[in-house]
Amino acid sequence: YQRRDMGVVAYLLSRMTCMFLLFVQVESVNEAVKDMPTKSHEDTLCYGDKILITDIKGRSRIIKLFPKHLFYCPRSKHQVAHETMMDAGIGSVIKFTDERRETLSISRPTLEQYTVHMKRGAMITYPKDAAIITQLMLDLEAGNKVLEAGTGSGSLTLFLARAVGDNGELWTFEKRKDFAALSESNVMKSGFSGLKSVKFFKKDLREEALPEGYFDGVVLDMLDPTKSLECVFPALKIDRPLVCYLPNITQVVELVKYVDEHTALNLKLERVWENTLTSWDVRGNFFTASQMNQESTQVKYIARPGFHQIAHSAFLVQFRKVKQKIDNRKHIKADSEDTEDIQEEEEEV
């Protein structure tokens, strides 16, 4: 029993020592960061800046620069000091002289790259969809007021905040406390423009009394947007868009059916989009003389679709608020003119 008690005491002492050393290291790092300048020029780096590191295979990672820290490259097993990357600067390439010929390129993360790499609670709104929602569907500009329901991880929030700018307003609602805390952390730590316009509401959208005719656009990213339409409809300005982000086409059908059956919702269905992108791989390959049956090494360029594609993510449904109710349903009659129209539509399809 005495040996067992001594072992427990030794274990506790070792744990306390490790915790104390970790605390001292963290405090020293924080003090070093405070002493360093926090604002960087376009071509220089400072402690606390976020950088994007991309290897020769195109795999990227976002890190934050700290004093006396090392970046470990899993592919080449190399370790690079943060000071080395700071001395190299933005837009530089670090090369290693080994068999793998590993390279690390250093750049500042764009809004797209940040949203893809940031921590996730809920599934993010992919940048390809966020760009269409922000510019093509909501038609936002600086100073606009936007309402977002379903903050999730904060991906779309960052795109909306940049669009409206610091002089605009962005009200974003998230009823789940864990998602709300994560999204607020992702947004406020991003360092992008327009963050002063964001107002976080950690509650259900239907619990807030929204001002009538106040918003220039509304985005609903939730499982069942029909439950919130009657709440947000009065707050939307006339002739302004309302966009719903839905993963399944059955949800789109139910949404359009709900709008048609409720006479109080003067919403005109404008379009339903599914945004798919095809990435291509275009690069040069080195061939030796034995492979080409020639005297010297040559480079042959190839072009083919990439292995990793961003296909279906969601359906984007755009409505527009109008003064009179518009029936989005088509009345099909059995006369000759309508039959010809139907045949023409089928031929076009």
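Remember, predicted model here, so these are calculated numbers, not experimental data.

So, how was this worked out
- Residues numbered from 1 in each chain as written.
- Predicted model: local features only at pLDDT ≥ 70, side-chain atom pairs only at ≥ 80, totals over all residues.
- Heavy atoms only, no water.
- Helix = DSSP H or I, 4+ residues; strand = E, 2+ residues; numbered from the N terminus.
- Buried < 20%, exposed > 50% of the residue type's maximum accessible area, 1.4 Å probe, protein only.
- Contact = heavy atoms within 4.5 Å.
- Areas by Shrake-Rupley, 256 points an atom, 1.4 Å probe, with all protein chains shown as cover.
- Salt bridge = Lys/Arg side-chain N within 4 Å of Asp/Glu carboxyl O.
- Pairing = 2+ DSSP bridges.
- Axes fitted to C-alpha atoms, helices over the stretch in contact; angles between N-to-C directions.
- Expected span 1.5 Å × (residues − 1).
- Right-handed = clockwise from strand over helix to strand, strands pointing away.
- Phe/Tyr/Trp six-rings, centres within 6.5 Å; stacked < 30°, edge-to-face > 60°.
- Left-handed = near helix turned anticlockwise from the far one by under 90°.
- Nonpolar A, V, L, I, M, F, W, Y, C, P; charged D, E, K, R; others polar.
- Polar contact = N/O pair within 3.5 Å; in protein donor to acceptor, adjacent residues only side chain to side chain.

Student: Residue-level account of the overall build of the chain, with values.
Tutor: On a plain count of helices and strands, the chain comes out with 10 helices and 15 strands. Sorting the 349 residues of the chain into buried and exposed places 38% on the buried side. If you take every contact in the chain between residues at least 6 apart in sequence, the share linking residues at least 24 apart comes to 63%. Looking at the chain as shown, the accessible area adds up to about 21,700 Å², and 53% of this sits on carbon and sulfur atoms.

Student: Please give an account of the pattern of salt bridges that cites residues and values.
Tutor: Under the definition given, this model contains 12 salt bridges. For the salt bridge of Asp 281 with Arg 304, the shortest nitrogen-to-oxygen distance reads 3.2 Å. Taken together, the residues Asp 281 in strand S13 (residues 280-287) and Arg 304 in strand S14 (residues 298-305) connect sequence positions 23 residues apart. It is possible to trace a salt-bridge network through shared partners that takes in Asp 239, Glu 270 and Arg 320.

Student: So what's going on with the sheet that holds strand S8 (residues 169-173)? Which residues, and what values?
Tutor: With mixed pairing, 7 strands are arranged side by side in an open sheet as S9-S8-S7-S10-S11-S15-S12. If you trace the sheet from one side to the other, it starts and ends with strand S9 (198-201) and strand S12 (267-274), each paired once. Within the sheet, the average angular offset between the axes of one strand and its neighbour, ignoring direction, is 15°. Pairing of strand S7 (residues 145-149) with S8, which is carried by 5 bridges, proceeds in the parallel orientation. Across the sheet, residue Lys 145 finds its bridge partner in S8, namely Glu 169.

Student: Please provide a residue-by-residue account of the pairing of strand S2 (residues 60-64), values included.
Tutor: Summarising the sheet, strand S1 (residues 50-54) and S2 pair through 5 bridges and their orientation is antiparallel. Looking at the pairing, Lys 50 lines up with Lys 64 of S2. If you look at the hairpin formed by S1 and S2, you'll find 5 residues sitting between the two strands, and Gly 58 has a positive phi there, around 90°.

Student: Outline helix H8 (residues 249-261), listing residues and values.
Tutor: With 13 residues, H8 should reach 18 Å at 1.5 Å per residue; the first-to-last C-alpha distance of 19 Å fits that figure. Where H8 is concerned, the buried positions are Gln 251, Val 252, Leu 255, Val 256, Tyr 258, Val 259 and Asp 260.

Student: Before we move on, can you summarise the sheet that holds strand S5 (residues 93-95) with the specific residues and values?
Tutor: Taken in spatial order, the 4 strands line up as S2-S1-S6-S5 in an open sheet, and their pairing is antiparallel. A strand with exactly one partner marks an edge of an open sheet, and here the two such strands are S2 and S5. Pairwise comparison of adjacent strand axes, ignoring direction, gives a mean angle of 25° for this sheet. Summarising the sheet, S5 and strand S6 (residues 103-107) pair through 3 bridges and their orientation is antiparallel. When the bridges of S6 are listed, Val 93 appears paired with Ser 105.

Student: Could you give an account of the pairing of S9, naming the residues involved and the relevant values?
Tutor: As defined by bridge partners, S8 adjoins S9 across 4 bridges and the pair is classed as parallel. Counterpart to Thr 172 in the pairing with S9 is Phe 200. Handedness of the S8-helix H6 (residues 177-188)-S9 crossover: right-handed.

Student: Any chance you could break down the environment of Arg 61 for me, citing the residues and the numbers?
Tutor: Residue position: Arg 61 is located in strand S2. Measuring from C-alpha to C-alpha, the distance between Arg 61 and Tyr 114 comes to 9.5 Å, with 53 residues separating the pair along the chain. Dropping the residues within four chain positions of it, Arg 61 is found in contact with Ile 51, Leu 52, Ile 53, Phe 71 and His 117.

Student: For the packing of aromatic side chains, give the residues involved together with the corresponding values.
Tutor: All told, the structure shown has 6 aromatic pairs when counted by the stated rule. Judged by centre distance (4.5 Å) and plane angle (15°), the ring pair of Phe 173 and Phe 201 falls under stacked. Placement of Phe 173 in strand S8 and of Phe 201 in strand S9 is noted, with a sequence separation of 28 residues between them. Residue classification places Phe 201 among the buried residues on the basis of a relative accessible area of 17%.

Student: So what's going on with H6? Which residues, and what values?
Tutor: Over its 12 residues, H6 extends 16 Å from the first C-alpha to the last, a length consistent with the 16 Å expected when each residue adds 1.5 Å. Of the positions making up H6, those classed as buried are Phe 179, Ala 180, Leu 182, Ser 183, Asn 186 and Val 187. Those residues of H6 that are buried lie in contact with helix H3 (111-117), helix H5 (155-164) and S9.

Student: Please give an account of the environment of Ala 88 that cites residues and values.
Tutor: Looking at the element boundaries, Ala 88 is found in helix H2 (residues 82-88). Taking the C-alpha atoms as reference points, Ala 88 and Ile 106, 18 residues apart in sequence, are found 8.4 Å from one another.

Student: Would you mind going over the packing of helix H4 (residues 127-137) against H5 in detail, with residue names and values included?
Tutor: Between H4 and H5, the least distance of the axes is 9 Å, while the angle of their chain directions is 35°. Crossing hand, H4 versus H5: right-handed. Contacts from Pro 127, Ala 130, Ala 131, Ile 133, Thr 134 and Gln 135 in H4 reach Leu 156, Phe 159, Leu 160 and Ala 163 in H5. Here the residues of the contact of H4 with H5 are counted per class, giving 8 nonpolar, 2 polar and no charged.

Student: Describe the side chain of Ser 190, and please don't skip the residues or the numbers.
Tutor: Tracing the sequence through the fold places Ser 190 in the loop between H6 and S9. Here Phe 192 takes part through its backbone nitrogen, which lies 3.5 Å from a polar atom of the side chain of Ser 190. Look past the residues within four positions of Ser 190 in its chain and what remains in contact with it is Tyr 114, Leu 158 and Leu 195.

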